[in-house]
Amino acid sequence: MSWTAHHRKALTFSYDDGNEQDVRLIALFDRYGMKATFNLNSGLSGDAGAWQYKGAWVRRLDLREAAGVYAGHEVAVHGAQHLALPELDDAALHRELADDVTALTALFGRAPVGMAYAYGAYDDRAVAEAQRLGLRYARGVDASHAFGVQTDLMRFRPTCHHNDDALFDLAAQFRDMTPDVPQIFCVWGHSYELDGDGTWDRLERLLDLLAGRDDIFYGTNAEVLL
Ligand SMILES: [Zn+2]
């Protein structure tokens, strides 16, 4: 956590699955000077399958064409095929994570250092396999509603999802606090939810509330956690 040399507060975002709406979301993060981590399923890249979330089309980006989209942000592992890790036998568990590490390394020219668990599902075996592959943090989906530094980074809990009822209370609390020890605000979600839920304005309000502050470090998950 090298940012702690000059800051006591860090804001980071974590978005899953690598869908088309990531393009609009990244433009928004860039406009507000914020950084995010995108957790990608390389084995589903460019998959022709499409589905609808509350009327919004959800399609995977083709990572071979879209790798540049993520420039300036972090890409991380989300499993090659978006499988629930506790349901896999040892060989399949290894393939699901190792294939994603290998593909993301080839696509983006550097080895990923973190991940988010698909469905937020993990067990001790999944944690051990992720660590064996060199991953140093892994995010679940269970909201902490807190900002304290966490010691178990392989079971990292985000502060909250972007739809959380407490989002703006937490944001105001984070903005106004003057802590003596490092504090981390981590918001997670899926970019397609912003289309389906009609919440682009709500997210932009959050960014507006927290942007451009000297006392907040804006970094990717790796920059903030490691
Ligand atoms: Zn996912």
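Refer to the structure printed above.
Residues numbered from 1 in each chain as written. Predicted model: local features only at pLDDT ≥ 70, side-chain atom pairs only at ≥ 80, totals over all residues. Heavy atoms only, no water.

Secondary structure assignment for the protein yields 8 helices and 10 strands. Its C-alpha radius of gyration of 17 Å places the protein within 12% of the 17 Å reference for a compact globule of 226 residues. For the protein, the C-alpha atoms occupy an extent of roughly 50 × 40 × 30 Å along the three principal directions. Counting the 226 residues in the protein, one finds 53% classified as buried. Excluding contacts between residues fewer than 6 apart, the proportion of contacts in the protein whose partners are at least 24 apart in sequence is 70%. Element-wise, carbon and sulfur atoms account for 49% of the exposed surface of the protein, whose accessible area totals about 9,900 Å². (Helix = DSSP H or I, 4+ residues; strand = E, 2+ residues; numbered from the N terminus. Rg over C-alpha atoms; globule rule 2.2 N^0.38 Å. Buried < 20%, exposed > 50% of the residue type's maximum accessible area, 1.4 Å probe, protein only. Contact = heavy atoms within 4.5 Å. Areas by Shrake-Rupley, 256 points an atom, 1.4 Å probe, with all protein chains shown as cover.)

Coordination of the zinc ion by the protein comes from Asp17 (OD), His78 (NE2) and His82 (NE2), over a distance range of 2.1 Å. If you list the donors of the zinc ion from N- to C-terminus, the spacing comes out as D-x60-H-x3-H. Of the two residues, aspartate 17 sits in the loop between strand E1 (9–16) and helix H1 (22–31) while histidine 82 sits in the loop between strand E5 (74–77) and helix H3 (90–108), which places them 65 residues apart along the sequence. Per residue, the accessibility class of aspartate 17 equals that of histidine 82, and both read buried. (Donors = N, O, S within 2.8 Å, 3.2 Å for Na, K, Ca; no water.)

Below, the discussion takes up the packing of aromatic side chains. The relation between two aromatic rings is expressed through the spacing of the ring centres and the mutual angle of the planes. In the structure shown here, the tally under the stated rule is 11 aromatic pairs. Summarising the aromatic geometry, the rings of phenylalanine 174 and phenylalanine 185 are spaced 5.3 Å apart at their centres and angled 55° between planes, so their arrangement reads as tilted. Remark: phenylalanine 185 occurs in strand E9 (residues 183–189) and phenylalanine 174 occurs in helix H5 (residues 167–176); sequence separation between them is 11 residues. By the ring-pair criterion, three or more aromatic residues cluster together here, those being Phe13, Tyr15 and Phe29. (Phe/Tyr/Trp six-rings, centres within 6.5 Å; stacked < 30°, edge-to-face > 60°.)

When helix H7 (residues 200–210) is considered as a whole, its buried residues turn out to be Trp200, Leu203, Leu206, Leu207 and Leu210. In an axial view of H7, the angular spread of the buried residues amounts to 125°, which keeps them on one side of the axis. Every exposed residue of H7 that faces more than 90 degrees away from the buried side is listed here: Asp201 and Asp208. Contacts from the buried residues of H7 go to E1, H1, H5, E9, helix H6 (191–196) and strand E10 (216–218). Of the residues flanking the end of H7, it is glycine 212, one or two places downstream, whose phi is positive at about 65°. (Arc of directions from axis to C-beta.)

Looking now at H3. End to end, H3 covers 27 Å across 19 residues, agreeing with the expected 27 Å (1.5 Å per residue, within 8%). By the burial criterion, the buried members of H3 are Ala92, Leu93, Glu96, Leu97, Ala98, Asp100, Val101 and Leu104. The elements touched by buried residues of H3 are strand E2 (36–40), helix H2 (63–66), E5, strand E6 (114–116) and helix H4 (124–132). The distance from a side-chain oxygen at the start of H3 to the backbone nitrogen of alanine 91 is 3.2 Å, and the residue carrying that oxygen is aspartate 89. Taken from the residues just after H3, glycine 109 is the one with a positive phi, measuring 75°. (Expected span 1.5 Å × (residues − 1). Polar contact = N/O pair within 3.5 Å; in protein donor to acceptor, adjacent residues only side chain to side chain.)

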